[in-house]
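Architecture at a glance
The lines below spell out each chain.
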Amino acid sequence: MSVIKLKPIAAPGLKDSVVEALRAAIAEMDIYGGDQPPRLDERKLAEDLGVSRTPIREAISCLEREGLVVAYPRRGAFVVRKTKAEILEIISVWAALEGMAARLATQHATDAELASMRRMFVTFDSGNEARANIDEYSKTNIEFHQRIIQLSKSKLLAEITDGLFIHMRAIRRKTIGERDRAAESVIDHMRIIEALEARDATRSERLVREHAMYLGDHVRRHVDYLN
């Protein structure tokens with residue numbers, strides 16, 4: 001079962017701080033790893049954050065309005081797990097948005113910023129290395145896609161993708177070790193980096209979009225635990 005990890009927070013801006021703490025912690029969870037969606041224990045969350053249960057309940061209500069959490073009477077609150085159809089729709093929308101982010105990155109990112117993306121993969125220059133260090137590679141894989149959004153330098157694009165990222169992150173983490181996807185991912189990422197460094201906007205957008213759609217194809221054909 002996935003465990004939520006939290007640190008105590010200070011009092012100023014308490015409600016917003018609790019919301020952000022829970023949202024960030026949920027983003028780190030293995031949402032699709034167990035048989036059941038992760039449950040949010042109000043008492044444990046309050047203890048971990050060093051607050052009363054009132055701001056916890058308020059934060060959970062806020063996250064429920066965002067569609068990230070669902071609360072049931074007498075059962076408690078649970079992190080939402082998307083269905084297979086919903087995940088496929090999220091991936092399709094993400095593919096379009098991240099593709100546009102890549103196009104913008106070729107126009108707005110500095111040479112140094114683009115070069116930093118290549119350094120992310122210096123320890124994973126082969127599929128074998130990625131497979132041998134799957135947990136570390138999974139983290140780098142997620143950071144890579146976050147970085148593309150950041151390098152677009154588009155605040156609006158970052159805000160739009162933020163709502164999708166938690167589930168994209170969760171499904172990428174869950175599937176990266178399946179059917180040799182890590183090795184294929186290394187190749188895809190290096191091609192994307194080359195296109196970005198060449199400031200080839202059209203190719204960068206296409207490669208990023210195709211990379212996301214490959215994930216969608218994998219989910220469609222092989223992922224049965226979302227049904």
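This structure is a prediction, so every number in the text was calculated from the model and none was measured. Numbering of residues starts from 1 in every chain and runs along the sequence as written. With pLDDT at 70 or above as the cut-off, local features in this predicted model cover only qualifying residues; side-chain atom pairs require 80 or more to be listed or tallied, and sums for whole chains, interfaces and linings still use all residues. No hydrogens and no water enter the side-chain calculation; it runs on all heavy atoms of the structure.

**Let's talk about the overall build of the chain**
The helix and strand inventory of the chain stands at 10 helices and 3 strands. The reference for a compact globule is 2.2 Å times residues^0.38; the radius of gyration itself is calculated from the C-alpha atoms. In terms of overall dimensions, the chain is globule-like: its C-alpha atoms have a radius of gyration of 19 Å, near the 17 Å expected for 227 residues. C-alpha extents for the chain along the principal axes are approximately 55 × 40 × 30 Å. With a 1.4 Å probe rolled over the protein chains alone, any residue whose accessible area is under 20% of its type maximum counts as buried; one over 50% counts as exposed, and the rest are partly exposed. By the burial criterion, 46% of the 227 residues in the chain qualify as buried. Contacts were defined at the residue level, with two residues in contact if any of their heavy atoms lie within 4.5 Å. Of the contacts made within the chain by residues no fewer than 6 positions apart, 76% connect residues no fewer than 24 positions apart. Of the side-chain charges in the chain, 36 are positive and 35 negative, and the distance between the mean point of each set is 2 Å. Where helices and strands are cited, they refer to DSSP runs of H or I of at least four residues and of E of at least two residues respectively, numbered from the N terminus. Working convention for charge: Lys and Arg count positive, Asp and Glu count negative, and His plus the chain ends are omitted. Here the site of a charge means NZ on Lys, CZ on Arg, CG on Asp, or CD on Glu.

**Some points on helix α10 (residues 201-222)**
An expected span of 1.5 Å times one less than the residue number is assigned to each helix. In this model, α10 (22 residues) spans 32 Å end to end at C-alpha, consistent with the 32 Å of a helix rising 1.5 Å per residue. For α10, every residue scored as buried is listed here: Ala201, Ser204, Glu205, Leu207, Val208, His211, Ala212, Leu215, Gly216, His218 and Val219.

**Concerning the pattern of salt bridges**
Salt bridge, as used here: a side-chain nitrogen of Lys or Arg that lies within 4 Å of a carboxyl oxygen of Asp or Glu. Tallied over the entire structure, the rule returns 16 salt bridges. Among the salt bridges present, the one from Arg220 reaches Asp217, with a minimum N-O distance of 3.9 Å. Remark: Asp217 and Arg220 occur in helix α10; sequence separation between them is 3 residues, near one turn of the helix. Since its relative accessible area comes to 46%, Arg220 is described here as partly exposed. Here Arg221 ties to Asp217 by a salt bridge, and the two come within 2.9 Å at their closest N and O atoms. In this pair, Arg221 and Asp217 are both assigned in helix α10, 4 residues apart and thus about one turn of the helix distant. Take Arg221: its relative accessible area is 54%, and that puts it in the exposed class. Asp217 sits in the partly exposed class, given a relative accessible area of 28%. Connected through salt bridges with shared partners, the residues Glu20, Arg23 and Glu66 form a single ionic network.

**A look at helix α7 (residues 134-151)**
With 18 residues, α7 should cover 26 Å at 1.5 Å per step; its first-to-last C-alpha distance of 25 Å lies within 8% of that length. If you check which residues of α7 are buried, you get Tyr137, Ser138, Thr140, Asn141, Ile142, Phe144, His145, Ile148, Ile149 and Leu151. Directly after α7, the chain includes Lys153, whose backbone phi takes a positive value near 60 degrees.

Note that every value here comes from positions in space, so none of it alone points to a role or purpose.
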